[in-house]
Amino acid sequence: MNLRGEPHRRQGDVQPLPAPFTPLPLTAYRPRLMPDFIARLCRALSAIPVATVLRLVSFVLLAPGPALLPGAELPRPAAGTFAAPRITTAPGYEVTLVHAVARESHGSWVSLAADPRGRLYVSDQYGPVYRVTLPASPGATPDITPVPLKIGGAHGLTWIAGSLYAVVGQKTVCATGLYRVRDTDGAGDLDQVDLLHELAGEGEHGPHAVVAGPDGRSLYVLAGNATRLPALTRSRVPRFWADDSLLRPLPALMGSETRGILPGGWICRTDLEGREWELHAAGLRNAYGLACDPNGELFTFDSDTEFELNLPWYRPTRVLHAVSGADFGWRRGALKIPASAPDAWPDVLAMGLGSPTAVLFPASAKLPAAERHALWVADWSYGKIYALPLKPSGASFTATRTAIVSAMPLPVTAMCVNPADGAFYFTTGGRRMHSALYRLRWTGPPSDIPAPSQPTADVVARRTLEASHGREDPASVDTVWPALGSTDRVLRRAARAALESQPVASWRQKALDESLPRPALSALLALARVDAPGSRVKILTALRRLDERVLDASLRGEWLRVLSLALSRGGATTPAVRATWRPVLESLRARC
């Protein structure tokens with residue numbers, strides 16, 4: 001099992017997704033004496049690809065039962081010695097094993113942070129937080145000392161404003177939540193721990209990460225999809241999420257898909273005291289790491305649902321630009337919002353199969369400028385650390401990836417830059433596996449690639465729209481409206497989130513009267529999300545006016561999405577509605 005409680009994948013290169021298998025009628029193979037309940041199960045599964053059914057069965061049979069329960073621990077692996085893997089690096093890089101962790105005494109490390117003096121702090125997944133003092137001479141053994149406070153099971157650690165902040169995800173040492181650990185007497189040792197805010201989630205889909213905000217006075221906290229939202233003072237994500245389906249959905253079968261809570265995994269912003277919380281982005285499955293670039297842009301690396309591979313709603317692991325107001329569309333099972341839908345937010349880079357863990361901008365590391373300003377992400381299952389140079393693309397970014405570190409196995413859990421030596425450190429471990437601490441250095445020639453430029457005009461425009469997220473200001477409707485027609489899909493979504501934050505009475509009629517197709521569909525999508533029961537008939541009338549047959553091909557999917565939300569959220573349809581729309585849908589089906 002991997003760090004996130006999912007089936008172990010073979011270590012090695014990420015493979016391209018296989019082509020979908022052809023569904024076969026399982027009932028064709030029914031033995032004469034097959035029990036009736038098995039026959040009914042076969043009929044239920046007959047529309048699902050056979051290969052996927054086999055994966056589901058193997059998952060149930062082979063996965064240890066406790067791993068399917070929230071907060072459960074797997075049995076401790078048999079004792080053994082640490083075997084250093086054969087690590088491959090990109091040209092010019094060098095990896096050094098700093099310390100092989102004694103699992104029996106120091107556990108399995110899943111988080112990492114450095115203080116201003118260059119001392120490292122790590123946490124055992126099921127045990128305490130340790131301070132690691134690096135040796136002065138290469139090859140010597142670090143001094144590893146448990147922090148003498150009730151703090152441990154921390155999935156995320158960060159050092160800011162003279163304090164160590166921790167997000168605890170396991171209850172083996174203390175309650176889950178956001179903690180601050182301080183040195184109150186200036187003696188150099190952490191001597192006080194405070195629970196700033198308890199979080200209702202536990203285990204490997206619970207609370208995960210904490211990073212400093214760009215202003216140095218705030219924190220961003222990340223949690224998986226089995227963690228309830230804290231009490232919010234503001235939600236930048238419009239609170240109109242729902243399980244949308246025109247047809248009765250297939251049930252979620254197992255694991256986190258049955259335990260997940262709307263709106264899925266989330267990112268909240270809070271102050272350094274943990275008093276006020278605002279929802280920044282949501283709709284994640286189970287991202288483990290979070291990073292903020294020097295311009296204040298947030299990024300994360302979200303997980304896939306492996307046992308949904310080859311199903312129409314499967315989504316690969318994805319690097320995401322976690323902008324204000326984003327809902328990335330995780331829902332249970334088949335209810336996930338399609339990535340192509342206008343109310344889903346786009347990814348920066350789809351990464352394929354994998355198990356995302358650490359995310360970092362190593363801006364202060366002694367690395368070539370191109371990699372120093374890149375986003376780094378780690379894949380636990382496939383033993384990879386990637387650098388992703390980000391390229392501005394409208395109001396967001398695109399990226400390509402380069403593998404910097406690779407090994408089999410190399411279950412990377414955390415990464416940080418040590419301010420004392422400018423080196424890049426990372427840990428391996430998790431799930432009670434043997435842990436190790438490594439140092440990554442650049443040994444090649446200096447680089448003179450310039451630093452990234454300032455935010456583009458589209459990013460500035462997006463941030464202007466984001467100022468209205470979660471704030472009522474009816475006067476902003478006229479300011480927001482032009483961006484609803486933008487060809488930039490992130491700007492268009494940011495404008496819709498701003499519109500949905502305003503009283504619907506201030507913009508309903510404007511949405512219904514809009515004649516230009518692109519802004520009309522964006523506005524009608526907002527209206528269907530916010531007020532489908534009260535406005536469905538008028539939304540359907542407006543859609544009839546925007547005949548999908550003459551729409552640009554890029555807008556037909558949006559037209560269909562608005563139609564589906566108006567019908568699914570608007571309540572029971574009347575005979576008149578059915579009579580009006582049946583021929584339209586029959587014509588559409590005939591042309592598809």
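For the structure itself, look to the data block above.
Residues numbered from 1 in each chain as written. Predicted model: local features only at pLDDT ≥ 70, side-chain atom pairs only at ≥ 80, totals over all residues. Heavy atoms only, no water.

Participant: Where do I start with the packing of helix α10 (residues 517–545) against helix α12 (residues 575–591) in this structure?
Facilitator: Packed helix pairs are characterised by how far apart their axes lie and by the angle those axes make with each other. Relative to each other, α10 and α12 sit at 30 degrees, their axes nearing to 12 Å. Considered as vectors, α10 and α12 are oriented roughly parallel to each other. Between α10 and α12 lies a crossing of left-handed hand. Judged by residue contacts, L540, L543 and R544 of α10 engage V577, T580, W581 and V584 from α12. Looking at the contact of α10 with α12, its residues break down into five nonpolar, one polar and one charged. (Axes fitted to C-alpha atoms, helices over the stretch in contact; angles between N-to-C directions. Helix = DSSP H or I, 4+ residues; strand = E, 2+ residues; numbered from the N terminus. Parallel < 35°, antiparallel > 145°, perpendicular 65-115°, else oblique. Left-handed = near helix turned anticlockwise from the far one by under 90°. Contact = heavy atoms within 4.5 Å. Nonpolar A, V, L, I, M, F, W, Y, C, P; charged D, E, K, R; others polar.)

Participant: What exactly am I supposed to notice about the nonpolar core here?
Facilitator: Generally speaking, nonpolar side chains in soluble globular proteins are found buried as a group. I267, W507, L543 and W559 are the most contacted members of the largest nonpolar core, which has 58 residues in total. Here this core takes twelve residues from α10, the largest share from any one element. Contacts of I267, omitting those with residues within four sequence positions, involve Y220, V221, L222, E278, L279, H280, A281, L284, L290, L298 and A322. If you look at the next biggest cluster of nonpolar residues, it comprises 23 residues, including Y93, W376, A378 and A436. (Core = buried A, V, L, I, M, F, W, Y, C linked by side-chain atoms within 4.5 Å. Buried < 20%, exposed > 50% of the residue type's maximum accessible area, 1.4 Å probe, protein only.)

Participant: Sorry if this is basic, but what is going on with the environment of Q502 here?
Facilitator: Mapping Q502 onto the fold places it in the loop between α8 (489–500) and α9 (508–513). Along the sequence, Q502 and E472 sit 30 residues apart, while their C-alpha atoms lie 5.1 Å from each other. Those residues in contact with Q502, other than ones at most four positions away along the chain, are S468, R471, E472, D473, P474, S476, V477 and W507.

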